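# Architecture at a glance
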Amino acid sequence: MSAHKARRVLDQIRGRSYQETLMILELMPYRACYPIFKVIYSAAANAKHNMGLNEEYLVIIKATVDEGTTVKKLKPRARGRSYPIKRPTCHITIVLKNISLYEESVVENSIGCFKKTGWIYKKKSTDITLGTIQGHHSLWFAQPKNYSKGLQEDQKIRECIKNYVQKNMRISSGVEGIARIEIQKRIDLIQIIIHMGFPKLLVEGKPRRIEELQMNVQKELNYVNRKLNITITRITKPYGHPNILAEFIAGQLRNRVSFRKAIKKAIELTEQADTKGIQVQIAGRIDGKEIARVEWIREGRVPLQTIRAKIDYCSYRVRTIYGVLGIKIWIFVDEE
């Protein structure tokens, strides 16, 4: 394996966590990923068994490759002829760092290596408006050493609530109706506010389902010294929120409805919610085609680069018989 082929793989994983690196190497199409995968897996295994470190806190801080010797061979051909074969080799060096063992300043420096310098990469339109026009969905304070535990706890709470709603809320269209889940943590209290578009479908028939959901979350996360309070808030215009709209489109795609009909129907529902613009994008093996592609439709204005524009964003993944499709929705609500 040449150093050039290994270097283009190492450039993608340098500065990332161990678990994220394994996921990237499994999905990349290069042949050089497998030997690099074995080197990183072996280094993490040594750190776990010899030093007792946790793999969740390992970060790749150094990944270099040097050119090695070139193996020369001869390929025999007919009539006593041959032609040379040159096989380049390389030396791969991987350095892992445990970020849980350092103080606040060291943790900040190690986390800074995740960022790419020179360019600003924007994942979605809500990144530039977060904190000015749009608020955070989680409000709590934690030390840098416990910050990752707080994020994992929020993720478990949201997954537990969504799983409970999927089991107990039966609806033909497959729309759960959860727009967002806000979490506010205090010393002795955790306040969870569930914004739903169709709360009657969950509460109807069993008025004590909120208490049952609260007990289920407490049992899942083993809360002993902290109280848990869950409230459900109804959204007046549910189809004006991208999460509910993405669930509607996903239900249509599972039923083998044409993606254009599903998007146009979703746009009609959004227009009833008095929005100024919407953009829907679907990527993957659409309609079972062999080659994956990206299709999108825009209706109205969607100014993604305007900071004062309030744009709701959602990314949703739906599993169909043809494979996994990705849905992205931008809704232009208002401009301040």
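Use the structure listed above.
Below or above, wherever it landed, is the structure these notes cover. Because the structure is predicted, anything quoted here is derived from the model rather than measured.

Along its length, the protein carries 9 helices and 10 strands. Residues classed as buried in the protein amount to 35% of the 336 residues present. Here the contacts in the protein between residues at least 6 apart in sequence split such that 62% fall between residues at least 24 apart. Put simply, the protein shows about 21700 Å² of open surface, and 49% of that area lies on carbon and sulfur atoms.

With that settled, consider the sheet that holds strand 3 (residues 138–139). Strands sit in the order 3-4-5-6 across an open sheet of 4 strands; the sheet is mixed. The open sheet has two free edges, formed respectively by strand 3 and strand 6 (227–234), since each of these has just one partner strand. Contacting strand 5 (189–196) and strand 6, helix 7 (residues 209–221) runs over the sheet at an angle of about 135° to strand 6.

Attention now moves to the pattern of salt bridges. Enumeration according to the criterion identifies 10 salt bridges in this entry. E182 serves as the salt-bridge partner of R180, at 3.1 Å between the closest nitrogen and oxygen. Put simply, D274 and K237 hold a salt bridge, and the shortest N to O gap is 3.0 Å. Taken together, the positions of D274 in the loop between helix 9 (259–271) and strand 7 (277–284) and K237 in the loop between strand 6 and helix 8 (242–254) put the pair 37 residues apart, joining distant regions of the chain. By relative accessible area, D274 is classed as exposed at 58%.

Attention now goes to the sheet that holds strand 7. Ordered by their spatial adjacency, 4 strands build an open sheet running 8-7-10-9, and the pairing between neighbours is antiparallel. With one partner strand each, in any of the chains shown, strand 8 (293–300) and strand 9 (309–320) form the two edges of the open sheet. Across this sheet, the average inter-strand angle for adjacent strands is 10°, counted without regard to direction. In this sheet, strand 10 (residues 323–335) lies alongside strand 9 in antiparallel orientation, the contact comprising 12 bridges. Counterpart to R319 in the pairing with strand 10 is V324. Sheet strands touched by helix 8: strand 7, strand 9 and strand 10. Its angle to strand 9, the strand with the most contacts, is close to 25°.

About the cut-offs
Residues numbered from 1 in each chain as written. Predicted model: local features only at pLDDT ≥ 70, side-chain atom pairs only at ≥ 80, totals over all residues. Heavy atoms only, no water. Helix = DSSP H or I, 4+ residues; strand = E, 2+ residues; numbered from the N terminus. Buried < 20%, exposed > 50% of the residue type's maximum accessible area, 1.4 Å probe, protein only. Contact = heavy atoms within 4.5 Å. Areas by Shrake-Rupley, 256 points an atom, 1.4 Å probe, with all protein chains shown as cover. Pairing = 2+ DSSP bridges. Axes fitted to C-alpha atoms, helices over the stretch in contact; angles between N-to-C directions. Salt bridge = Lys/Arg side-chain N within 4 Å of Asp/Glu carboxyl O.

Keep in mind these values describe shape, not function.
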